[in-house]
Each structure stands twice: as structure tokens, then as C-alpha cells.
Amino acid sequence: MNNALRKLGQLALVLFLVTLFTALLVSLLPGDPAEVIIPFGDESDREALREELNLDDPLPVRYVAWLGDFVTGDMGNYYRQSITEPVADRVTQAAPVSLLLMLYAQVLALVIAIPLGVITAQRAGSFFDKFTNTTAFGILAIPNFVLALVLSYVVGVELGWLPPQGYVRFSNDIGEHFRSMILPSISLAAGQVAVYMRLLRTDMVATLQEDFILMAKAKGLSNKRVLWRHALRPSSLTLLTVAGLNVGTLVGGALIIEIIFTLPGMGVLIFQAISERQYVAIQSLVALIAVGYVLVNVFVDMLYAALDPRIRSARG
Amino acid sequence: MARRRIVAEPSKDQTEPLLVVDDLHTTFRTPSGRVRAVNGVSFELKQGRTLGIVGESGSGKSVLSRTIMGLLPSNNVEVTGSARYRGNELVGAKSSVLRSLWGSELSMIFQDPMTSLNPVMRIGKQITEVLRHHLDMSNDEAEDMAVSLLRSVKIPEPEKRVRQYPHELSGGMRQRVVIAVALACGPHLLFADEPTTALDVTVQAQILDLLDEQQRERFMSMVLVTHDLGVVAGRAHDIAVMYAGRIVEMAPTRTLFQNMRMPYTQALFESIPKLDLPSHTRLTVIPGRPPDLVNPPTGCSFAPRCERAQARCLEEQPPLMEAETPDHRYACFYPVGTPEGDEALAENRRRGYQAAGVPVMIQEKAS
């Protein structure tokens with residue numbers, strides 16, 4: 001119980017700091033947001049917009065006003081020259097796209113990295129180990145936007161195997177949905193594979209030296225069973241931690257990938273909001289991502305306990 | 001998945017020992033050179049007998065038991081010689097053959113129960129997996145068996161323990177679990193590698209008594225590896241003393257204690273603290289360190305630390321010789337309790353140092 005309260009406190013603190021810094025940064029942008037949002041209309045329209053956005057108030061007042069709205073579930077509006085729509089509406093459209101992209105990328109990275117990590121750990125120093133490491137680090141060195149562009153062009157345009165861009169909703173056509181997500185997911189996952197694989201390999205190599213592994217072997221169990229049932233679970237805590245923290249990197253990566261593959265996700269939304277100086281929207285979107293990030297890491301924390309009974313009893 | 005259980009054929013000749021080790025060598029290739037951890041060890045072990053292997057740290061005793069089991073990593077290790085279990089050669093055997101013997105015919109108890117159980121697996125699971133693997137038991141059968149195994153190693157409330165994790169048990173209890181795992185499939189040969197070294201003194205005797213009792217009940221053969229002569233004194237039928245990868249003296253327990261020939265055995269024996277000496281008596285120690293196994297000395301490997309060492313000991317490796325007492329062998333040119341030995345000791349004391357130049361104390365020792 002105590003633990004849950006502490007987590008909640010942490011969540012509040014993280015949100016406060018993240019949004020405060022976002023507010024500060026946005027306020028540093030030169031120019032008048034009203035000018036950017038309504039470049040050609042009447043000065044009176046701009047005046048009205050300034051009024052609505054409290055643009056004439058000092059930053060602390062604006063920040064407190066926004067915070068009050070956000071915690072009560074009002075994410076503010078997204079302003080266009082003609083229409084004004086609530087940010088919340090756009091988020092409900094965009095969030096699933098980004099979440100699915102990050103989920104697929106994360107799952108793909110783990111599905112590739114875990115077996116490779118286990119096998120390279122078992123054959124540490126072998127040709128396979130060295131080859132896999134070199135290849136993975138080669139891929140890690142390629143920025144994800146370069147990989148995305150190359151994949152989009154080669155696989156999407158030249159070979160025509162998969163759509164080079166565009167998004168199909170899961171509810172519209174499941175097959176097409178997955179086809180549209182393959183290239184973005186690969187682009188986003190590729191760099192993570194090397195990181196996850198190396199982390200798992202390092203921990204596995206250490207675990208394989210443990211006495212309980214020798215004892216498992218002395219029981220006559222198959223190599224496979226020793227590796228997957230005895231060694232993997234106690235070796236996976238670091239991987240889990242980093243996979244949780246990595247959600248932050250994925251958010252940043254997803255933003256670029258979404259733009260390249262024209263996926264209507266949070267990345268595109270934030271990009272637009274920044275370039276259009278929608279400062280209320282920016283603050284709300286960033287805050288939302290921060291909430292998601294903290295929640296993922298709370299979940300990871302709970303997974304520790306599931307993986308290691310010693311942590312469970314220490315928390316009692 | 002059904003598994004074949006490859007059972008080693010019982011040999012026709014009933015007197016043929018269960019385990020025959022012949023000129024076994026284990027060499028580790030390390031960056032600093034070849035480490036000869038086991039250097040020509042031979043012995044036999046009959047069904048139902050306990051062999052105590054005694055030696056200092058680094059004498060090769062643990063490596064010896066792992067070599068016989070075939071549990072050493074395959075890279076950078078060379079094993080030559082022979083170890084036959086019921087007539088089946090274990091050295092160089094295929095890993096599938098070894099795996100079918102491990103846990104079912106040959107079992108091992110490890111030194112440290114704090115690290116030899118998987119921390120993230122329930123106690124019950126760690127016992128049932130070996131039963132299901134080798135004996136093709138169903139889950140329920142295996143669980144019942146696990147509970148009765150825990151009961152037989154005297155763990156209270158076994159039904160509750162099978163649901164617990166290792167960290168919820170004390171060191172002594174964990175070692176009992178390790179023993180239960182090792183005994184689960186009814187092995188014929190049990191290696192106990194310093195089974196009580198990591199435990200409290202109060203628990204040590206209990207664990208050793210438990211092993212003793214199980215060994216007699218099941219008529220198993222046991223190899224009890226320890227650095228403590230006191231541990232094997234009342235429990236092993238035979239004792240082999242190891243030094244620098246070789247057996248330097250081997251005899252039935254009573255013979256060894258009454259008639260020890262090898263100065264190293266005597267030194268080990270004298271380094272056991274005696275309760276009847278007044279308190280604050282200095283502990284008797286063996287001066288120096290075990291030899292470097294990369295460049296072992298040419299002659300007797302104990303010579304640099306031996307009070308009796310003569311020039312010959314530094315040049316020539318003493319072979320394992322038969323003593324007058326039956327089944328007793330030792331490797332020494334100037335053995336304890338013989339005229340030559342006494343003369344060598346007396347001469348070194350007169351000189352004040354032995355052949356390797358190490359000072360020899362004049363003061364009298366019981367010898």
C-alpha cells in the first residue's frame with residue numbers, strides 16, 4: 001500500500017516537472033502563437049484567440065490554468081483558422097496508432113533479441129556469437145529514419161511487397177493493418193534488438209556460471225531446458241528494466257517513423273502542434289506521454305516481483 | 001514427452017567395482033599455461049562403500065569428482081585416462097549418454113546450498129522436474145514423491161515447503177533439499193562435494209548423519225569430498241588424500257588413522273584443532289602454499305613444504321607404493337613411522353633446514 005502511494009507521488013512529481021519544462025520551452029519560442037494559427041484573418045479573431053488562450057497572462061498563470069484543466073480531464077482545444085476541435089478528440093484518433101506501433105516494435109525487438117541473447121550467451125565466443133553481435137551493432141549504428149526511408153523505398157516502392165506508406169485501421173482490415181505496420185515496426189525495432197540482445201547475453205553469461213545451473217545440468221536436464229527454464233528468468237531483470245525505460249526512446253523514434261510512413265499517430269500530432277504553435281495542445285500531449293511512460297515503468301516494477309520471488313517477499 | 005532411460009548394464013561380475021578410475025588426468029588450458037588439476041588418479045569404489053577424498057583447496061579434489069561425472073565445460077579442458085561406471089566408460093562419453101546417467105544413476109551434491117538451488121523456482125518444482133524427466137512420472141505422482149522425499153530428508157512440513165522458494169529456507173534446510181534432489185531418482189553413486197563446508201557447524205553433523213543414513217539405506221556408493229579429515233574420519237570406509245592433483249595416500253579409514261605414512265596426511269591430521277589441548281595453544285599449520293599447478297615441482301610436489309624432504313624428494317617423483325598394511329598405498333620415500341623416515345626427519349632437524357631450504361623447527365613434536 002505504502003509502495004503504491006509512493007509510486008503515485010512519483011507520478012505526480014514527474015508530471016509536474018515535465019509539463020513545467022514544456023511550458024517554459026514553448027514560451028521561449030519566438031513570435032505570437034495567434035499570428036501562426038491565424039496568419040491571414042482579422043486582428044479581432046486573433047484578439048479573441050489570445051483572450052481564450054490567456055496569451056496576455058504571465059506564464060505561471062497560464063501554466064496553472066492549463067494544469068487545472070488537464071487534471072480534470074480537459075486537454076484544451078486544437079485551433080485551426082476555421083475550426084476548433086478538442087485535443088482529446090484528436091488524441092483518441094492518434095493514440096492507438098502510436099501505441100500499436102510501439103507495441104509491435106517492442107514485441108518484434110524482444111522476439112528477435114531474446115532467442116539471440118540466449119543462444120549467443122550459451123555459445124559465447126563462437127563464430128555465431130561474434131557474427132550476431134557485429135551484425136546487430138551494424139544495424140544499431142543505422143539511424144532509424146535512414147532505415148525507414150531505405151525500407152520504404154526498396155521494399156515498398158521498388159519491390160512493391162508492402163505499402164511504402166499509409167495506415168489501415170485494425171477495425172477496417174486486419175491483414176492490411178499488419179501489412180501497413182510491418183515496415184514501420186521493423187524500422188523502430190531494429191536498433192533496439194542489439195541493445196536488448198547484448199543486455200540479455202551479458203546477464204545470461206553471468207547466470208550460466210551460477211551453481212544452480214551446474215546443478216540443473218547435473219540433474220540430467222536437456223540443454224534447452226537448462227537455458228530456457230533455469231537460466232532465462234533470473235537473467236531477464238536488466239532487460240526488463242531497459243525495455244521499460246526504452247519506451248521513452250521509442251516515443252521519440254515513433255514520432256519520426258510516423259512522419260515517414262504517414263501514420264496518423266501521436267508523433268504526427270505533436271509535430272503539427274509544435275510547428276503550429278498550439279501550446280495548450282503541446283503541453284497536454286507531452287503530459288499524456290509522460291503519464292504513459294510512468295505507468296509503463298510502474299508496470300515493469302510489478303513485473304519484477306512476478307519474475308523474482310525474492311523481490312516479492314522483500315516488499316512483503 | 002517420453003524419455004528413454006538409458007540404464008547402465010549391471011556388470012555380470014558382482015565383485016567388479018561400481019566405479020573404476022584409472023590414470024585420470026584433467027588439464028585446463030589457461031592463458032598462463034596448462035594447469036594439471038588432476039594428474040594421474042586411480043582408484044576403485046565398490047557398491048555401498050563411501051570413499052572420502054581429502055585435500056587442501058586447490059588439490060584437485062572437486063575437479064576430480066566433476067571430471068568423473070563429466071560435468072566440466074568442454075572447451076579448454078583436456079581429460080585423459082578412464083573412469084568406468086558399471087563398466088561404461090564415462091570419459092569422452094556422448095553428452096546424451098551422460099545426461100541420461102546424471103540425476104538418475106550419478107548424482108552430485110554441491111558445496112553451497114545458498115547458490116545451488118534456482119532462486120526463482122519453487123522447491124517442489126526443482127524436485128519434480130528431475131523425477132518427471134528421468135522416471136516419466138505424471139505431475140501428481142512427482143509431487144507426492146517430492147513431498148515424501150522432503151520428509152525422508154527430515155524437512156518439517158514438506159507439503160508447505162514444496163510451495164516455497166529457496167530464499168524462504170535456512171542453509172541447512174536448503175542443503176537437505178539439494179540432497180533430496182540428488183537422491184530423487186535413486187542414484188547408485190553419489191558425489192558429495194564439500195556438502196557441509198558452507199553450513200554452520202551445528203548443522204554440519206546433522207547433514208553428514210543424514211547422508212550417512214541415506215547411503216546405508218539405499219546401499220549407494222558415495223564419494224565424499226572434503227578438506228576436513230575430521231568429516232570423513234567416522235563416515236568413510238576408505239580415504240584418499242589428494243595433493244596437487246595426485247592421490248598421495250590411500251587406505252581404509254582405520255588403517256589410515258593408525259598407520260599414516262605420508263607426511264602430508266600427518267600434517268593434515270595435526271592441523272585439526274585438538275580439544276584436549278589447553279586453550280590458546282597455537283594451531284598447527286602446514287607452512288607454505290600448495291604448488292603452482294602450471295609448473296609443478298619436478299620431484300614430490302609436497303617436498304617444498306615437507307619437514308622430511310631430502311635431495312631425492314626434489315628430483316624424483318615418488319610412485320604410489322604398497323604399504324605392509326592391506327589396501328594401503330602411499331607416495332613417499334621417507335614415510336612416517338619407518339626408520340628411513342625418522343632418520344630423514346632427524347637429519348633435517350640437525351641441519352636446521354630441509355632439502356628445499358625451508359627451516360625445520362628443532363622443538364619436539366609428537367611423532
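Residues numbered from 1 in each chain as written. Chains lettered and ligands numbered in written order. Predicted model: local features only at pLDDT ≥ 70, side-chain atom pairs only at ≥ 80, totals over all residues.

Chemist: Help me out: how do you make sense of the overall build of chain B in this one?
Modeler: When helices and strands are counted, chain B shows 12 helices and 12 strands. A compact globule built from 367 residues should have a C-alpha radius of gyration of about 21 Å, and chain B, at 22 Å, falls within 12% of that. Counting only C-alpha atoms, chain B reaches 75 × 45 × 45 Å along its principal axes. Across the 367 residues in chain B, those meeting the buried criterion constitute 46%. (Helix = DSSP H or I, 4+ residues; strand = E, 2+ residues; numbered from the N terminus. Rg over C-alpha atoms; globule rule 2.2 N^0.38 Å. Buried ≥ 20, exposed ≤ 12 C-beta atoms within 10 Å, placed from the backbone.)

Chemist: Looking at this structure, how should I read the domain arrangement of chain A?
Modeler: Quite often, the size of an interface is put as the accessible area lost when its parts meet. Residues and elements named next belong to chain A. Along its sequence, chain A is carved into domain 1 (1-74 + 278-316) and domain 2 (97-276). Here domain 1 and domain 2 have C-alpha centroids that lie 28 Å from each other. With 15 residues of domain 1 at the interface, the matching set in domain 2 holds 15 residues. Sorting the residues of the side of domain 1 that touches domain 2 by element identifies α2 (33-37) and α14 (279-307) as the ones contributing at least two each. A breakdown of the residues in the side of domain 1 that touches domain 2 according to their chemical character gives 12 nonpolar, two polar and one charged. (Domains from an automatic or database assignment. Contact = placed C-beta atoms within 7 Å. Nonpolar A, V, L, I, M, F, W, Y, C, P; charged D, E, K, R; others polar.)

Chemist: Even after reading the chapter, I still don't get the pairing of strand β7 (residues 189-193) of chain B, so can you show me in this structure?
Modeler: Consecutive residues of a regular strand have side chains that alternate between opposite faces of the sheet. Residue and element names in this part refer to chain B. With five of five residues buried, β7 lies mostly within the body of the structure. Burial of the side chains of β7 extends over both faces: Leu189, Phe191 and Asp193 are buried on one face and Leu190 and Ala192 on the other. Sheet topology places strand β6 (residues 106-109) next to β7; four bridges connect them, and they run parallel. Within the sheet, the bridge partner assigned to Ser107 lies in β7 and is Leu190. Judged from the five bridges that link them, β7 and strand β8 (residues 221-226) form a sheet pairing that is parallel. Paired with Leu190 across the bridge in β8 is Met222. (Pairing = 2+ DSSP bridges.)

Chemist: Please clarify how the confidence of the model for chain B should be interpreted in this entry.
Modeler: Predicted coordinates in areas of low pLDDT are best not read in detail. Residues and elements named next belong to chain B. When the pLDDT values of chain B are averaged, the result is 88; 94% of them are 70 or greater. The low-confidence segment residues 1-12 (pLDDT under 50) makes 19 contacts with residues lying over four places distant or belonging to another chain. Complex prediction metrics read pTM 0.82 and ipTM 0.85. (pLDDT = per-residue confidence, 0-100.)

Chemist: Before we go on, may I ask you to explain the pairing of strand β1 (residues 19-30) of chain B in this structure?
Modeler: Residue and element names in this part refer to chain B. Sheet topology note: the β1/strand β4 (residues 77-85) ladder contains eight bridges and is antiparallel. Its bridge partner lying in β4, Val20 is registered against Arg84. One ladder, built from 10 bridges, connects β1 with strand β2 (residues 33-45); its direction is antiparallel. Directly across from His25, in β2, lies its bridge partner Asn39. Between β1 and the antiparallel strand that follows it, β2, lie two residues.

Chemist: Can you help me understand unusual backbone geometry in this one?
Modeler: Residues apart from glycine generally show negative phi values, whereas peptide bonds are mostly found in trans. Residues and elements named next belong to chain A. For Thr262, which is not glycine, the phi dihedral falls at a positive 45°. Backbone geometry places Arg277, a non-glycine residue, at a positive phi of 60°. With respect to the helices, strands and loops of the structure, Arg277 is situated in the loop between α13 (266-275) and α14. Classification of Arg277 as partly exposed rests on a count of 18 C-beta atoms within 10 Å.

Chemist: Sorry, what's going on with the domain arrangement of chain B here?
Modeler: Residues and elements named next belong to chain B. Each assigned domain of chain B is listed here: domain 1 (19-243) and domain 2 (262-351). Spacing between the C-alpha centres of domain 1 and domain 2 amounts to 30 Å. Taken together, the contacts link 14 residues of domain 1 with 12 residues of domain 2. The set of elements that each furnish at least two residues to the side of domain 1 that touches domain 2 consists of β2, α8 (229-233) and β9 (238-243). Per element, the largest residue contribution to the side of domain 1 that touches domain 2 is five residues, and it comes from β2. Class assignment for the residues of the side of domain 1 that touches domain 2 results in six nonpolar, five polar and three charged.

Chemist: Help me understand the nonpolar core in this model?
Modeler: One recurring pattern in soluble globular proteins: nonpolar side chains tend to sit buried together. Ranked by internal contacts, the top residues of the largest apolar core, which has 175 residues, are A:Leu101, A:Tyr196, B:Ala180, B:Val241 and B:Val248. Top contributing element to this core by residue count: helix α8 (residues 174-208) of chain A, with 14 residues. Contacts of A:Leu101, omitting those with residues within four sequence positions, involve A:Met181, A:Pro184, A:Ser185, A:Leu188, A:Ala254, A:Ile257, A:Glu258, A:Leu263 and A:Gly265. (Core = buried A, V, L, I, M, F, W, Y, C linked by C-beta atoms within 7 Å.)

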